[in-house]
Each structure stands twice: as structure tokens, then as C-alpha cells.
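# Chains, contacts and geometry: an overview
Here is how the chains run, residue by residue.
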Amino acid sequence: MKFRLASSPHQHIRRDTGQVMRLVILAMIPGVLLQTWFFGWGTVIQIGLAVVTAVVTEAAILELRKRDFERALKDYSAVLTAMLLAVSIPPFAPWWVVVIGTFFAICIVKQLYGGLGFNVFNPAMAAYVMLLVSFPVQMTQWLPPVNLAQYSHNFMDALQAVFTGFSVEGFSLAQLKTGIDGVTMATPLDTVKTSLSQGFTYSETIERPIFDSVIPGLGVASSWISLGYLIGGLYLLKQKVINWHIPTSMLAALFICALIMSLVDSDLYPSSIFHLFNGSIIIGAFFIATDPVSASTTNKGRIIFGAAIGIWVYLIREWGGYPDAIAFAVLIMNMAVPLIDYYTRPRTYGHTSTKRKTKNKAQS
Amino acid sequence: MPNNYDDIIEKLDNNQLWDFPGGVFPAERKTLSNQTPIGKLPIPERLFVTVKQHIGVEGHLIVEVGQKVLKGQALTKSMNPFAVPIHAPTSGEVAAIQKHVSAHPSGLPEMTVEIISDQQDKWIQLNPLIDYQSQPKIKVLAAICDAGISGMGGAGFPTHIKSSPKKDVDFLIINGIECEPYITSDDRLMREHAWQIRQGIDVLCHLLKPKQVLIGIENNKPEAIEAMQVACRENPNYRICSVPTKYPAGGEKQLIQVLTNREVPAKGLPMDVGIIMHNVGTCFAISDAVFSGKPLISRVVTVTGEAVEKPSNLWALIGSPVAHLLAHSDYNPKLQKQPNVIMGGPMMGFNVINDKVPVIKTTNCILAPTDTEISSNNEQACIRCSACADACPVSLLPQQLFWHSKAKELDKAQDYNLFDCIECGACAYVCPSEIPLVHYYRIAKSEIRVEQEEKQKSDKARERFEKREARLIAEQHARDEKHRLAAEARKQAMESKGNNAKDKIAAALARAKAKKQAVNIEEETSVSKADLANDVIEAAAPNETTEASATQPTTKVASSNQRVQAAIARAKAKKAAAEAATSNVEVEVPSEVEVEVEVEVEKNNDKVSESIKTETQSKNQSVNAKEPAPHAAKPEPLKPESASSESVSEVTATKTATIAASKKARIAAAVAKAKAKREAQKAAETEQTSKEAPLAEVEDPKTDSSQEPVKTQEQQIDMKKRKIAAAVAKAKAKKAAEKADKSS
Ligand code: SF4
Ligand code: SF4
């Protein structure tokens, strides 16, 4: 009778990688629902396209690499990547944009680096930046929130728009983009950026309908969507899927930067609340920057990593060429992760410093 | 000390504790086995008592095969302080002393005493030490040692050594945490035998004199806490600390951190921070040993897991095979795909190799889980989630350790403090990719140990080699020194002689040199003398003033015939010769003989190397030729013709001489000088003879001409042969002179 031989520990926590990823996906649902509510079915269609592309790409590549793709697919990491990319893309962007982006994320950014756990960059964000640089027009055509749009659109419209560029009634994307005031809508961040450059003050700018929400200065849609993701993020924190370090330090850094600058000149620099709840800051802080593979792995490192992302976001938003900056900031900090990790090693029990104890070693 | 005693006490008084980083909360599953009192395991037929069950050295066996032993009889003995004896767990006969599978992860066979029980369980004479407080410490320690007590919680460190510290003890910590899931042996022991544990603590206090006793019990064992509180009620120095349940709070370092916030330095001992820790089981064993004289021959073992139908705690004799415990608890292997028995808990325990593995002093649990209770082997790629780092109680970075261990970058793994890992398994427990992290660390650690051992070996070898080298070098030095001294002594002894000899040689050399120089000078002076003589002669001759002026510089050159000035001399000679030639041409045009001679002079000047020689020659010749001229005022028409023919032949000769190597100019010059001298002498002679015999006038040039071809030949040949040639020439000249003499 042969006894089983295994290494301790013999017990294992009942949460594997797949479960972690599923929890993250679950936590995204409130945000996605709100996004769909405000921007129509386009978001769902994009997610569907991205997920299918991601799974097919991952399976094909794993098959080529002669890996067990069934098991790898069960970890849901490709699905999560696809979802994160899909919600960052304008809902009515042509279908090929999201397909190319997802393929790039899975094939180039993730698998060519060696698969899950080996990728240096956050796949979703790397793909987003690639798309933004390659297809700037398609990637910036955000629709007005449905309640502000001149023409309403249903699921079939969205489907048609994504695949043909026109809704069922034949409205073009440009028409769909038109707001109730007849003006083409831009995102709150764009709006502020352009109107500030046109000489309007910040307080004048936020009088516009797009900011017609409970708290002045918040884009209607984006504040609600941010709230949705915030709920999901807090759920992840509670489930200990993510640590508090990165979201907290990132939001705090952005908040402080914005606070300082708006105190300097509140006409030119939007408030901290504006910065936190517009654009993709919340989803970035809880879902993107916390991507375990490409983030820092030590607690101190995570704080540095998060804070640096917050600062970068602010810098790029205020002085950079792009209205939003999460993707760039995350990618920049991804590159710094090995360095951060190396210098933020925790002090081991019984050691007086984090430095290597060469003396101790010599003695032993 | 960073956390001083009073601060710690103050915090403890406020019922506050510290925390350690990380930690996990695995399902406890303790109720499986802690609901019933500790049962008694029947005496097995055969017991396998492993000789070495602790950290340290093993004793010598003092029993033989076939020998009858009584319960509690020592089987080994040693004078080594790190040796702890083993005892016969029951009465019976020693059936064998041989290697038997061991209670170790490797399962490697170890020396084991096999005892067949006679089922009478007859005790040996026991010697309790009830009045231990009036006994010297050493005697109490000896009693603990002789009872074979070693740490019963973890590694099995000899208790008597831990109980005789050299420094003051702030805290004696009694570890009743039992943080591993499933295990309840300490829990039940505390519940049922709190008083005896307390007595054991008393003994330890007598030995250690700690300022404070902290009894740490996890708050998931309220009954145990209560029992211990009751037992320790009247002693305010005994403090029961209810520690929050978190794995691995029972780790030595973690418990110290939780209770005192002190940290055992890396590679240090708890004693370094004024702390001694003992397990509750050890305290019980001490009390047994001191108050009833019983050695450590049985312990409480939790037999649990869903694959046993009657999980419980049992008093098991040390040496009972696992199979015996399992059988008693109704182990059902059908609930497992493959037989799977773990000795220890699910976090740090190890699989037994087979069911013949015996219970040893540190065995606290036999776990037979069903397949659903344990993790399957489903390793996936690390996703860098660092859940492991969050769980590590030692603040390591398990993920980095894993990368480096797996990649066999042992140096880097050590950089990340691999050896501070306590192998608690918290990291592997939380890893969502189910990587058996601890397994990788164990492999890396053993590889490093092997490497270090090898290094030590090679270091030793190198040391030996270096020592040998050093010795050889030292010997060589000594030898050399000896030789040197001897040589010096010899030298000194020979000092006078040797010196004289050397001096003599030097003197001889010096003299030789001086002589040479003198000779040179003499030669030179002789040359100049000869020249002067010539000059005098020439001056005596009318029409020769210009020629004399021309020859004088050359004479000067010759007399100051320094090597360095050779070139200058040559140049000067050239000039002078040129001058002489022109002047000669001017002045002596009328005399055809003179013209020939001058041509010859010119030619000779052309060949640089031969300048001096030829000049002297020409001089001589001119002397030769001129001499007759004034002498014989009536020149014969034939003579100039013959002379001209001579000069032609001479011109060709000089030309060929030019071809001859000019580098031998110096030798040639010297030779020439010598020749010149001789020729001068000869000339003088001939002159004399011609003077004496005017009839020899015609003959004279002939003798010259006969001399000349010889010379040209000699010039054509290597300069070396010049001397010979000169000698020949001399001889010929002599002959000629003789002839002339004769003819005259
Ligand atoms: S096994 Fe080692 S690395 Fe893992 S948690 Fe425990 S101490 Fe840390
Ligand atoms: S817990 Fe496992 S997957 Fe996560 S970082 Fe640690 S080793 Fe990697």
C-alpha cells in the first residue's frame, strides 16, 4: 500500500486564481450596468466582442504554445482583461477597434511575455494606449449620456452602429453624438479642457448640461458610473481580493494635487472632486492599477506605485495632450515596478534593516 | 532592549497584546477531536523506539537484543549534555535493534529499539524529586534530562539545556497556542491536566527565576484558558494570555512578538531577548518527571481527520506505530483515493511513508484526511498577486523567494532571507495558483546546505593545502636563510684572500688597460714623431713647404687620433688634402713626379677610411719620391714614366680599397698608423741608404713599386689580413732594403 506523499501545507484556501478573477468581474457589474444605462447597449456589445476575441485568442495561443488551455481559460484573466478594455472604449466605436485591441492585449502584451504572471504591462491599458495612438478618431467618439442625447438608440441601433457606423434609422455616429442642445457632446474632461483653453473659467464651464448633477462639477454620467465602480471596488477590498494600498494612495495623491492647484487658481484648475469622479479614475484605482501581475507587490511599494499613478494622472490631465491619463500613468508605473519592489522590501522578522545581512551570512 | 519589561507588563495589564504581520485563518476543524477526554491507547504488541528523537546527539545503547526491560527503563545513556535518553515505554523484551522507518518527512530508516510488549506494563523503580525546591538546580536539571524530556511542541530541543540559561530571564512563555488546525492534544491536556502543567511551570520557575510567566492560549480554546486560569489562580506572576486565533500564532517567534513585541534576532535564540519558551506538553512531562519520577514514555496524540471514524486524543506510548493508533480510531482508507496519513497538522505536518512509522516525543497529531479536505496538486503560474507576502508572518516576499528558488538562484534566494522562513506554509495556503511554495523553499534550503557543506569541505581542504603551502614556503625560507648565512660566513672567512685575488685581477686588468693606452699613446706619438721626422726631412727639402703644410694637419689629426674625432679628422684631412692637392698642383706642376704623387694623395683623400693611412703613405711615398728628386738633380726621362705607371696602378688599388669595407676604418687607421711608422722608418732607412748610395736612386722607386702591388692586394683582401700583409710588406721592405743595401 503506497502512501500519498505531498509537501505541507496540505490544506489550501478555497480561492484559486479563477475565483479571484471571477470576483473582480463580479465587482465590475454595477459599474458596467450604469455605463450601459447612460451610454446605451454599445458597452455591452463591446464587452461581448472583447470577451469572445480574448478567449479565442488565448485558446489559440495556448494551443500553439502547447499549454493546457482549458485550465488557463478557467482562470478568467483573459475575460477580465477584455472587460477592462471594452469599458474603456467608446460604446459605438467600430467593432474592429475592440477586436484589434483585445487581440493585442492578449497576444502581444500578455502571451508574448510568457502568459499570465509574466506580463510587465497591464494588458488592457497597453492595448488601450495602442488603440488611442493608432485610431484617435474612433477612440474619442464618446456618446452623450442618453438623457442628454438628441436621438435615442436601442440595442439594435447600437449593434448596427458598432458594425456599420449607422443606427437602424440611419443616423450616423456624428448625429448620435449630438446632444439635446444640438451641440456635439464631449466628455466632461474634454469639455473642461477645451473651454478652459477657450478662455472660460472652470466655474463657468461646469454650468453646462453635461455637469447637471447633484454635486456641481461632476459629469452626470461619469459620476454615477464612477460610483458604480466604487461600490465594486469596496466589495473587492472587503473580500480581500485587492489591498487598500494602491487605490487609497492613488486617489489621495490625485486629490492632493488637485486640491493644491485649485487653491492656487480655482478658475483654471478644476476641483479635487471633479478630478476624482470624472473620467476613469475610480475604475482605474480599484480595477486597473490593482492588477496584481503588473503592480508592485510590497505594501510600501504599492503605496508608492499608487501615489505615483495619481500624480501622473494629474500631470497628464492638466498639462498633457490627452484628456484622460489612467492608461499612460499605469503603463509608466508598470515600468518602475521592479525598481519599486526592490527598494521597498519589507523588513524581515529578526532583522534590523531591510538590507541584506552580509555580516550575518558570513558568520553563519 | 527595545521593549522594556515594564512597558510590556503595563500593556499586558491592560489586556492588550501585539500582533504579528500576515497570518492566515484556515478552517480549524478542532471540534472533530476535542469533544472527548483523552483516551488510553492499548499497549501495542511491538513498539519501535527511535534512538534519536530530539535535536542534539544520541546516547549509547545500553540494552541488548533479547534483554528484558521494564517500563521506564533507560535504553540509552550518554555523558554528552546534548544527549537525551530514551526509555522503554512498557515492559517486555528487546526484539531487535536495527534501522526502522522514522517519523521524519524523509522517512529514512533510523536506529530503533524494537520492544515486544509482555502486556504487563511493569514499572521500573521510580525516583521522584518531590522536594525539588530544596535540591540544587543541577539535580533538578539532571532529573529532567534523565527523564528524556525534549521539547514536545516543535523541534525537540533538549529541555534541560533550555532550562539552564546564562542570563536573566524576563519572561517564561508557556506555549499553549496550538494554532494548527485539527490538533487538540494540548487543548485537551490543558483542560484535563492543568494542575500538573502548573506544577511543571513551578519547576521551570525554580530553575529559571523569570520575572513573569506568560501562558499563551489561543482564544478558540476557552475551556483550556479557564482551566489554566483556575490552576494558576493564586500566583499573580502567572499570567494567562488569551491570544487571538491566527495561524501561525503558535510559532515561537510569532508568540514572542504577540506577547512582548520583542523580536528574536535573525539566527539568534529567544534567550537573546530574555525569553524562554516551553510547550505545555513539556511542562506536563517535567511535572511527571519531578513529582513521580516517570520518564517521558507517552504523550497525547490527536488522531483525527475525516478518514477516521473515531477521532480523538489518545495517550499513546512513544514508539507505537501509526497503524496501531489508526486501527484504534477506526481508520477507513476507502475514504481516500490513496492512503494518506499526515503526522502533525495540515499546515506543517508531513506525510508518513507507511503506517509502521512510530510515534515519537514530538508527535502531536496523526491526521487522516479525506481527499476533499486536502488540496490537490494543481500548480499554476504565479500571478504576482502577492497574497503570499500578505500572509507571511515573517515579512518575507514568498513570491520572490519562489522565483529564485525555482530558478536555482540560491544566492538571490538567500538575499531575500530564505533562511528566515519558518516553513509555516501560510504563503502556500493562500496562493491562488496553488503553488507549493514551501516545497520549493525546502529544496532550495537543502541545496544551499549541501552547497555550504561542500564549500566547508573544500574550504577545509583549501585550508589544509594553504597551510601545507605556507609550511613549505616557511621551510624553504629557513633553508635559504641558512644557506645565506653559511655563504656569508664562508665569504667572511675567505675575505682577505678573496679580496686580494680580486684586487689582483682588477689591478691586472687596470694595468693591462693602462698598458694598452700607453701603447696607443706611444704608437700615436711614435707616429707623430715619425711624421715630425718626416716633416723635418721635408722641411729640409726645398719646394716642399706647401706640402709640409698639407701634411702637418694630417699629422696633427693622426697624433690626436681619438676615435670620437675620427669623422672630424677625416673631414679635416679631406680639406687639408684638397688644399694640399691644389697647392701641390700649383706649386709642383713642373715636377711630374710630384704631380703623380699629388694625384695619389687626392685619390687617397677620396676614400675616407683610408685617408690617414694613404696620406701617410703618400707622404712616405712623396718622401720616397721627392727625396730622390732634389737629390738627383739630373732626373732621368725614364723615371717619370715608370712613376706614372706606378701611380696608375696605385689609383686602381685605392679604388678597390674604397670598395673594401670602410667600417674597418678604425682598425685600418691603426694598422695604417703602425705601417706608416714602419714605412717612415723604412723610408728613413731607404733615404739613408739612398743618401748613402746615390746609385740606388732608380732602384728605390722600384722597391716602392714592388711594395705597392702588395699593398693593393692587401687592401683588396679583408682588412684583417692587413697586419699580415703589413708584416709581409715589412719583410719585403726589409728585403728590398737589404737588396738595396746589397745593391748599394
Ligand atoms: S512558509 Fe516561509 S515564506 Fe511562507 S509564509 Fe511561512 S515563513 Fe513566510
Ligand atoms: S500567492 Fe501565489 S500567485 Fe500570488 S504572488 Fe504569491 S506565489 Fe504568486
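The notes below deal with the structure included here. (Residues numbered from 1 in each chain as written. Chains lettered and ligands numbered in written order. Predicted model: local features only at pLDDT ≥ 70, side-chain atom pairs only at ≥ 80, totals over all residues. Heavy atoms only, no water.)

Quick look at the overall build of chain A now. Summing up its helical and strand segments, chain A has 18 helices and zero strands in all. In chain A, which comprises 364 residues, the proportion classed as buried is 56%. Taking contacts inside chain A between residues at least 6 apart in sequence as the whole, the part at least 24 apart equals 74%. Summing over all exposed atoms, chain A offers an accessible surface of approximately 15,700 Å²; the carbon and sulfur share of this is 67%. (Helix = DSSP H or I, 4+ residues; strand = E, 2+ residues; numbered from the N terminus. Buried < 20%, exposed > 50% of the residue type's maximum accessible area, 1.4 Å probe, protein only. Contact = heavy atoms within 4.5 Å. Areas by Shrake-Rupley, 256 points an atom, 1.4 Å probe, with all protein chains shown as cover.)

Here we come to the overall build of chain B. Of regular secondary structure, chain B possesses 23 helices and 16 strands. Across the 744 residues that make up chain B, the buried fraction comes to 52%. A total of about 35,100 Å² of accessible surface is found on chain B, and carbon and sulfur atoms cover 56% of it.

With that out of the way, let us pick up the sheet that holds strand 8 (residues 171-176) of chain B. By way of backbone hydrogen bonds, the strands of a sheet pair with one another, either parallel or antiparallel. All names here are of chain B. Across the sheet, which stays open at both edges, the four strands sit in the order 10-9-8-11 with parallel pairing between neighbours. Two strands close off the open sheet at either side, each with one partner strand: strand 10 (238-243) and strand 11 (275-279). Neighbour-to-neighbour, the strand axes of the sheet open up by a mean angle of 25°, direction not taken into account. With five bridges joining them, strand 8 and strand 11 adopt parallel strand pairing. Following the sheet pairing, Asn175 is matched in strand 11 by Asn279. Across the sheet, helix 1 (residues 5-13) touches strand 8, strand 9 (212-218) and strand 10, and the angle it forms with strand 10 is around 65°. Relative to the sheet, helix 5 (residues 222-231) contacts strand 9 and strand 10, its axis offset from that of strand 9 by approximately 160°. (Pairing = 2+ DSSP bridges. Axes fitted to C-alpha atoms, helices over the stretch in contact; angles between N-to-C directions.)

Residues and elements named next belong to chain B. Reading across from one edge, 1-13-12-16-14-15 is the order of the six strands in this open sheet, with mixed pairing throughout. Single-partner strands in this sheet number two, and they are strand 1 (39-40) and strand 15 (350-351). Taken together, the two bridges between strand 14 (residues 342-343) and strand 15 define a ladder with antiparallel strand orientation. Directly across from Ile342, in strand 15, lies its bridge partner Asn351.

The full set of residues close to ligand 2 is Cys382, Ile383, Arg384, Cys385, Ser386, Cys388, Gln399, Cys431, Pro432, Ser433, Ile435 and Leu437 of chain B. Grouping the amino acids of the shell around ligand 2 by side-chain chemistry returns eight nonpolar, three polar and one charged. (Near = heavy atom within 4 Å. Nonpolar A, V, L, I, M, F, W, Y, C, P; charged D, E, K, R; others polar.)

Attention now moves to a negative patch on the surface. Residues and elements named next belong to chain B. A cluster of acidic residues, Asp411, Glu451, Glu453 and Glu454, forms a negative patch at the surface. The greatest single-element share of the negative patch, amounting to three residues, is contributed by helix 13 (residues 437-493). Residue position: Glu453 is located in helix 13. Judged by relative accessible area, which is 49%, Glu453 ranks as partly exposed. (Patch = residues over 30% accessible without salt bridge, like charges linked within 9 Å, V, L, I, M, F, W, Y side chains within 5 Å. Salt bridge = Lys/Arg side-chain N within 4 Å of Asp/Glu carboxyl O. Lys, Arg positive; Asp, Glu negative; His and termini not counted. Charge placed at Lys NZ, Arg CZ, Asp CG, Glu CD.)

Bringing the pattern of salt bridges into the picture now. Residues and elements named next belong to chain B. In this structure the tally under the stated criterion is 27 salt bridges over all chains. Residues Arg29 and Glu306 are paired through a salt bridge, measuring 2.4 Å at the closest nitrogen-oxygen approach. Note that Arg29 is positioned in the loop between helix 1 and strand 1 and Glu306 in the loop between strand 12 (298-304) and strand 13 (312-317), a separation of 277 residues in sequence. For Arg29, a relative accessible area of 28% corresponds to the partly exposed category. A salt bridge links Lys221 to Glu218; its shortest N-O distance comes to 3.7 Å. Glu218 carries the same exposure label as Lys221, and that label is buried. A network of salt bridges, in which partner residues are shared, links Asp170, Lys211 and Arg262.

This part takes up the site of ligand 1. Residues and elements named next belong to chain B. Taken together, 14 residues sit near ligand 1, with Cys392, Cys421, Cys424, Gly425 and Cys427 positioned nearest. For the shell around ligand 1, the secondary structure elements donating two or more residues are helix 12 (426-430) and helix 13. For the shell around ligand 1, the per-class residue count stands at 12 nonpolar, one polar and one charged.

Turning next to the packing of aromatic side chains. Scanning all chains against the criterion turns up 12 aromatic pairs over all chains. Here the aromatic rings of Tyr269 of chain A and Trp319 of chain A are separated by 6.1 Å at their centres, their planes lie at 55°, and the arrangement is tilted. Here Tyr269 of chain A is found in the loop between helix 13 (245-264) and helix 14 (272-277), whereas its partner Trp319 of chain A is found in helix 16 (residues 299-319), with 50 residues between them in sequence. Summarising the aromatic geometry, the rings of Tyr314 of chain A and Trp319 of chain A are spaced 6.1 Å apart at their centres and angled 75° between planes, so their arrangement reads as edge-to-face. In this structure Tyr314 of chain A comes out as buried when scored by relative accessible area, which is 2%. Chaining the aromatic ring pairs together yields one cluster made of Phe118 of chain A together with Phe402, Trp403 and Tyr440 of chain B. The cationic tip of Lys211 of chain B hangs over the ring face of Tyr5 of chain B; the distance from NZ or CZ to the ring centre is 4.8 Å. (Phe/Tyr/Trp six-rings, centres within 6.5 Å; stacked < 30°, edge-to-face > 60°. Lys NZ or Arg CZ within 6 Å of the ring centre and 35° of its normal.)

Here the focus is helix 5 (residues 95-111) of chain A. All names here are of chain A. Helix length check: helix 5, at 17 residues, gives a terminal C-alpha distance of 23 Å against a target of 24 Å (1.5 Å per residue), a fit within 8%. Residue Phe104 marks the point of greatest curvature in helix 5, where the axis turns by about 30°. Within helix 5, the full set of buried residues consists of Val97, Val98, Gly101, Thr102, Ala105, Ile106, Cys107, Val109, Lys110 and Gln111. Elements in contact with the buried residues of helix 5: helix 2 (42-64), helix 4 (77-88), helix 6 (123-134) and helix 7 (136-139). (Expected span 1.5 Å × (residues − 1). Bend = angle between axes of the 7 residues up to and from the residue.)

Residue and element names in this part refer to chain A. A cluster of nonpolar side chains, contributed by Phe255, Ile256, Leu259, Ile260, Leu263, Val264 and Ile273, occupies part of the molecular surface with about 640 Å² of accessible area. Among the elements that line the nonpolar patch, the one with the most residues is helix 13, at six residues. With respect to the helices, strands and loops of the structure, Leu259 is situated in helix 13. Assessed through its relative accessible area of 37%, Leu259 is described here as partly exposed.

Listed as interface residues are 69 residues of chain B and, on the opposing side, 45 residues of chain A. For the pair chain B and chain A, the summed buried area comes to about 5,000 Å², and 50% of that belongs to carbon and sulfur atoms. Taken together, the elements giving at least two residues each to the side of chain B that touches chain A come down to helix 6 (252-260), strand 15, helix 9 (387-391), helix 10 (398-406), helix 11 (410-415), helix 12 and helix 13 of chain B. Residue classes in the side of chain B that touches chain A are distributed as 34 nonpolar, 20 polar and 15 charged. (Buried area = accessible area lost by both parts, 1.4 Å probe.)

The next thing to look at is the pairing of strand 11 of chain B. Within strand 11 of chain B, five of the five residues are buried, leaving the element largely enclosed by the surrounding structure. Judged by which residues are buried, strand 11 of chain B turns out to be covered on both faces: Ile275, Met277 and Asn279 of chain B on one side and Ile276 and His278 of chain B on the other are all buried.

To continue, consider the side chain of Asp202 of chain B. All names here are of chain B. Take Asp202: it is sitting in helix 4 (residues 185-208). Overall, Asp202 belongs to the buried group, its relative accessible area being 16%. Excluding anything up to four places from it in sequence, Asp202 contacts Tyr132 and Tyr238.

In this section: the nonpolar core. Within the largest apolar cluster, 91 residues are counted, with the highest numbers of intra-cluster contacts made by Met28, Tyr229, Phe287, Phe305 and Ile309 of chain A. With 10 residues, the single largest contributor to this core is helix 1 (residues 17-39) of chain A. Setting aside its immediate chain neighbours within four residues, Phe305 of chain A contacts Ile246, Ala289, Ser294, Ala295, Ser296, Met333, Asn334, Val337 and Ile340 of chain A. Residues Val258, Leu401, Val430 and Ile435 of chain B belong to the second largest nonpolar core, which totals 55 residues. (Core = buried A, V, L, I, M, F, W, Y, C linked by side-chain atoms within 4.5 Å.)

Below, the discussion takes up the pairing of strand 8 of chain B. Residue and element names in this part refer to chain B. With six of six residues buried, strand 8 lies mostly within the body of the structure. Covered by surrounding structure in strand 8 are Phe171, Ile173 and Asn175 together with Leu172, Ile174 and Gly176, the residues of both alternating faces. When strand 8 meets strand 9, the two strands line up parallel, connected through six bridges. Bridged to Ile173 within strand 9 is Leu214.

Residue and element names in this part refer to chain A. Following both chains from N to C, one finds helix 2 and helix 5 inclined at 35°, their axes separated by 9 Å at the closest point. Of the two possible hands of crossing, helix 2 and helix 5 adopt the one that is right-handed. Listed contacts from helix 5 to Gln46, Leu49, Ala50, Thr53, Ala54, Thr57, Glu58, Ile61 and Leu62 of helix 2 are Trp95, Val98, Val99, Thr102, Phe103, Ile106, Cys107, Lys110 and Gln111. Counted by class, the contact of helix 2 with helix 5 contains 11 nonpolar, five polar and two charged residues. (Left-handed = near helix turned anticlockwise from the far one by under 90°.)

Let's shift gears to the side chain of Thr348 of chain A. With respect to the element layout, Thr348 of chain A can be found in the loop between helix 17 (326-343) and helix 18 (358-363). Of the residues examined, Thr348 of chain A reaches a relative accessible area of 3% and is grouped as buried. Of note is the side chain of Thr348 of chain A, whose polar atom sits 2.7 Å from the side chain of Asn417 of chain B. (Polar contact = N/O pair within 3.5 Å; in protein donor to acceptor, adjacent residues only side chain to side chain.)

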